[in-house]
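Structural characterization, general
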There are 2 protein chains.
Amino acid sequence: MSYQPVTSTVLTALRDIVGERGVLADAERIEAYGHDETSTDEYGHLPEVVVLPTTSEQVAQVVKLANRARIPITPRGAGSGLSGGAIPVFGGILLSLEKLNRLLELDLDTMTVTVEAGMVTNDLAHLVQEQGLFFAGYPMSVETCYIGGNIAHNAGGGKAIKYGVTGRYILGLELVTPTGDTLWLGGKLAKDVSGYDLKQLVIGSEGTLGIVTKAIIKLLAYPTTASDLLVLFETPRAAIDVVPIIMRHGITPTGIEFMDRLSIETSCNYLNETLPYHKAGAMLLIEIDGNHPDQVEADLIAIGDLCEAHGAIEVYVAEDRNTIERIWAVRRNIAEAFKVYSPTQSLEDIVVPINRIPDIIPELERLSHRYDMRIPCYGHAGDGNLHATLVKHPDTDNRTWLRNKDACLRDLYRIVHGYGGKISGEHGIGLKRKAYLPAVTNPVEIELMRAIKRAWDPNNIMNPGKIFDLEPVPA
Amino acid sequence: MSYQPVTSTVLTALRDIVGERGVLADAERIEAYGHDETSTDEYGHLPEVVVLPTTSEQVAQVVKLANRARIPITPRGAGSGLSGGAIPVFGGILLSLEKLNRLLELDLDTMTVTVEAGMVTNDLAHLVQEQGLFFAGYPMSVETCYIGGNIAHNAGGGKAIKYGVTGRYILGLELVTPTGDTLWLGGKLAKDVSGYDLKQLVIGSEGTLGIVTKAIIKLLAYPTTASDLLVLFETPRAAIDVVPIIMRHGITPTGIEFMDRLSIETSCNYLNETLPYHKAGAMLLIEIDGNHPDQVEADLIAIGDLCEAHGAIEVYVAEDRNTIERIWAVRRNIAEAFKVYSPTQSLEDIVVPINRIPDIIPELERLSHRYDMRIPCYGHAGDGNLHATLVKHPDTDNRTWLRNKDACLRDLYRIVHGYGGKISGEHGIGLKRKAYLPAVTNPVEIELMRAIKRAWDPNNIMNPGKIFDLEPVPA
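Because the structure is a prediction, the values reported are computed rather than measured.

1. Re helix H12 (residues 321-332) of chain B
When the terminal C-alpha atoms of H12 of chain B are compared, their 16 Å separation across 12 residues agrees well with the 16 Å that a helix rising 1.5 Å per residue should span. Listed as buried for H12 of chain B are Thr 323, Ile 324, Ile 327, Trp 328, Ala 329, Val 330 and Arg 331 of chain B.

2. Considerations on the relation of the copies chain B and chain A
For the pair of chain copies, the relating operation is a rotation around an axis with a shift along it. Each copy of the sequence occupies a distinct position, and chain B is placed on chain A by a rotation of 180° and an axial shift of 0.0 Å, giving an RMSD of 0.0 Å. Taken together, the turn and the small shift mark the pair as related by a two-fold rotation axis. Interface overlap between copies: 100% of the residues of chain B at the interface are likewise at the interface in chain A, consistent with a symmetric, same-surface contact.

3. Regarding the sheet that holds strand E18 (residues 373-374) of chain B
Residues and elements named next belong to chain B. Spatially, three strands are ordered E16-E21-E18 in an open sheet, and the strand pairing comes out antiparallel. The open sheet has two edge strands with one neighbour each: strand E16 (345-347) and E18. When E18 meets strand E21 (residues 389-392), the two strands line up antiparallel, connected through two bridges. For Arg 374, the partnering residue across the bridge sits in E21 and is Val 391.

4. A few points about the interface of chain B and chain A
Many structure descriptions define interface size as the accessible area lost when the parts assemble. Chain B puts 78 residues into the contact, and the matching count from chain A is 78 residues. Carbon and sulfur atoms make up 64% of the surface buried where chain B meets chain A, a total of about 6,100 Å² over both sides. For the chain B face of the interface with chain A, the top three residues by lost area are Lys 191, Val 193 and Tyr 196 of chain B, together amounting to 16%. Two residues, Lys 191 of chain B and Asp 383 of chain A, come together in a salt bridge whose shortest N-O distance is 3.6 Å. Across the chain B-chain A interface, the total number found is 20 residue pairs in polar contact (both at pLDDT 80 or more).

5. Concerning the confidence of the model for chain A
Detailed reading of the predicted model is not advised wherever pLDDT is low. Confidence in the prediction of chain A, expressed as mean pLDDT, is 93, and 98% of residues score 70 or more. Among the scores for the predicted complex, ipTM is 0.96 and pTM is 0.96.

6. A look at the sheet that holds strand E15 (residues 312-317) of chain B
Residue and element names in this part refer to chain B. The seven strands lie next to each other as E15-E12-E14-E13-E19-E20-E17, forming an open sheet whose pairing is antiparallel. The open sheet has two edge strands with one neighbour each: E15 and strand E17 (350-351). Looking at chain direction, strand E13 (residues 255-260) and strand E19 (residues 378-380) are connected through three bridges and run antiparallel. In the sheet register, Glu 257 faces E19, and the bridge partner there is His 380.

7. What to know about a nonpolar patch on the surface
A contiguous nonpolar surface patch, about 260 Å² in accessible area, is contributed by Tyr 270, Leu 271 and Val 340 of chain A. As for its placement among the helices and strands, Leu 271 of chain A is situated in helix H10 (residues 261-271).

8. Digging into the pattern of salt bridges
Applying the stated criterion to the full structure yields 54 salt bridges over all chains. Measuring nitrogen to oxygen at the nearest pair gives 2.8 Å for the salt bridge that ties Lys 453 of chain A to Asp 457 of chain A. Taken individually, Lys 453 of chain A and Asp 457 of chain A each receive the classification buried, so the pair is uniform in this respect. Between Lys 214 of chain B and Glu 174 of chain B there is a salt bridge, with its nearest N and O atoms 3.1 Å apart. One end of the pair, Lys 214 of chain B, is in strand E10 (residues 211-218); the other, Glu 174 of chain B, is in strand E8 (residues 170-176), and 40 residues separate them in sequence. Glu 174 of chain B shares its class with Lys 214 of chain B; the two are buried. One network of salt bridges, in which partners are shared, links Glu 105, Asp 107 and Lys 188 of chain A.

9. Looking at the side chain of Lys 392 of chain B
Residue and element names in this part refer to chain B. Mapping Lys 392 onto the fold places it in strand E21. Although Lys 392 is buried, it forms no salt bridge, and the closest oppositely charged side chain is Asp 395 at an N-O distance of 7.3 Å. At 2.7 Å, the side chain of Lys 392 and the backbone oxygen of Thr 396 are in polar contact. Not counting residues within four places of it along the chain, the set of residues in contact with Lys 392 comprises Tyr 341, Ser 342, Thr 344, Asp 397, Asn 398 and Trp 401.

10. Quick notes on the side chain of His 153 of chain B
With respect to the helices and strands, the residue His 153 of chain B is situated in helix H6 (residues 147-153). Note on His 153 of chain B: relative accessible area 15%, which makes it buried. In this structure His 153 of chain B touches Val 193 of chain A together with Ser 83, Gly 204, Glu 206, Glu 426, His 427 and Gly 428 of chain B, once residues within four positions along its chain are discounted.

Conventions and cut-offs
- Residues numbered from 1 in each chain as written.
- Chains lettered and ligands numbered in written order.
- Predicted model: local features only at pLDDT ≥ 70, side-chain atom pairs only at ≥ 80, totals over all residues.
- Heavy atoms only, no water.
- Helix = DSSP H or I, 4+ residues; strand = E, 2+ residues; numbered from the N terminus.
- Expected span 1.5 Å × (residues − 1).
- Buried < 20%, exposed > 50% of the residue type's maximum accessible area, 1.4 Å probe, protein only.
- Least-squares fit on C-alpha atoms with pLDDT ≥ 70 in both.
- Contact = heavy atoms within 4.5 Å.
- Pairing = 2+ DSSP bridges.
- Buried area = accessible area lost by both parts, 1.4 Å probe.
- Salt bridge = Lys/Arg side-chain N within 4 Å of Asp/Glu carboxyl O.
- Polar contact = N/O pair within 3.5 Å; in protein donor to acceptor, adjacent residues only side chain to side chain.
- pLDDT = per-residue confidence, 0-100.
- Patch = residues over 30% accessible without salt bridge, like charges linked within 9 Å, V, L, I, M, F, W, Y side chains within 5 Å.
- Areas by Shrake-Rupley, 256 points an atom, 1.4 Å probe, with all protein chains shown as cover.
- Lys, Arg positive; Asp, Glu negative; His and termini not counted.

This is the structure we're talking about:
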């Protein structure tokens, strides 16, 4: 790898671009930029310098400099990523978008908002809600994650079954290319086939094809009503089988969350939750929203009836707000509950055709026995996206855990691939899954990705070492 | 351009792949493959040979042959395109998908259907409707167009405001690359960030990045109720201003069709339609669908009230089915009506932010005077996609018309660009608009497109001469 180091000359040039206070070089201040939400021990790596631009123009100048000087540059949002996508594996320049967090325009006529990439998702959500508007791209990390990060990973979340993922709402974006050019892709347009859809290519490319600095986001009317339904089933299959029955009935819930027995029990014990969930082999949390209370009510009842007609043990309806709150607490606390059991985990993000979920659950059980770990499974059943989580047995030593985790992931990904699934639905490949992608991906597909990367980033300086490795560029 | 001709050796090789009856070489039979729905005089060009493969494997073999022999290959669907995308401008091989028209799987559990690219859209729609399911990608040419053509152009149509465009429903596709490799992109998955979204890149690339041979399509529950509303306004601005008011109210119509005065009058005269539409400076045709009759009814009334509260002259509600039928006849017959006036036209496909539509209308009037032609404007107001149509004055000679049309389009596209719009919303750039794209597109964006094309199609044999021109590939 022929990257150049960040010399004092480079530091001076960076200070000329973003100013003294925009350049962090001392060990103490850069430490926080060397990891994301993945294990620091396993994936952490410090940058040589952290740069905090305040405008797109500064971003472009920094990228031009990095490209000229052959210095790797890693864009970073909130650092809430779960695949190591923002970790500067080759050192070099860490470019944080944290100071590009302005709302640029709220356009009620086109129902769009234009923001900088460093805006926190929830800040955006609240700003538009004041106007009765709704940003439907809604990842679980909404309190911390940035819009730019959502775009980089085409973030999903619990509402994707009804509203789709982030990309559906990104009408336009400002991109700084790996060679430092700045351009807008898309616009305030509902349709556009004026050439290739480069915007959609950039969305989900994890910052390897350039740095998104601004976005035009489509808004919806804020749903005035929302309600929940909790349904207990004896088996995962019984729970999952009811999902397409609901959809074919013409009802599209906002979300259908799934929890297996292990997830439920662990979280219930953690919360001293006394509701009789231990009876359930699996549980669905179904949300409905809309702008017509009667409608939402009717759909909710229809879903309850369908569930009861198809093997549900118990149905709790939203009337009992307190019950629902207790349920959501169970859902929200699964990860925490398992951290108490063992802090060492690998949060996975597999996605399969929804009718394959019941086939995955027993496979996870087999894997947990074979590799001596717990693997609770919960997630977004409505779109087949499951956060199976490998949890280290407290007595297992670290070396064994790492070896077992690696072997277990290879098996799991092979199984998922066999069912027509993919290894990441919303977290991305990044650094964490890069080594596993080739085993479950057509080599032609990876080569087509590499070809685009080479063509757009001839010096391979833009977030290198993510998604796939690139052979050294032919001189 | 260093393409090789289709020699008798090549013909023999093609016959070995697809069989005698799959190769058409005689002038009479290939004539029909030399044009699409654009003007044959202006854009038509004959292929040297037409190939009719019956399987993806045959498609791949033909592409491998073309790539080895440096023969341009042009994929073709139904030939209902409006941008010349399927015209073999360099001769060579015309590959028609007409025999790849099988339904491969209807999967009720995942609510997906897998079809070959040559299936007619309406055939698919009817097949799934028998199961109570709905294909929401619905272009106006639905009776003739193929699924493959819809994918190539990311087709929109009248329902995009509620259901989005074709790409939203394409979960997976089988692609034969320009070098003849075959691979599946995507799958029966609602989410997938396992590498770049190559599927979405291929969608809308007009067959320049490979040939789509199969697709996995997401289905919805068939909407059991639908109703219409016709609203007359004094001015286009009054009509358009009401659109975001409806949307912000939390109602998303299936479609909002717009017609200007010239469109209405011409069509009304053509039909001897006596309803008092001549009073209207503009007209909205608003559709609602859903699975709850009361709901649809309530929305319809709410929209009617909103329109009346915001300057509508008259509101016709769906109760009067006969009235609505007469209205739809007016909408459907605009193009026909103008053909009676003059058969020589250029059907445009501009798309602008919806609040800019009222600014476009007077510009079109100015252009029609400056260039001595009529320019009726109608289309999908809900998503800003307007089919402004340049219509030749019967007395204008052809040379003058071509010169004026060219100048008029340059002006129109510049104006659209100035309003943040694009020159094609759903028809594509193809051959017809290729010369105009650079004037309204950032050169960096076109170069990024070219870079992908070069990287995927090193010999530039896959539908060359479409969207943009490519310099000869460096040897």
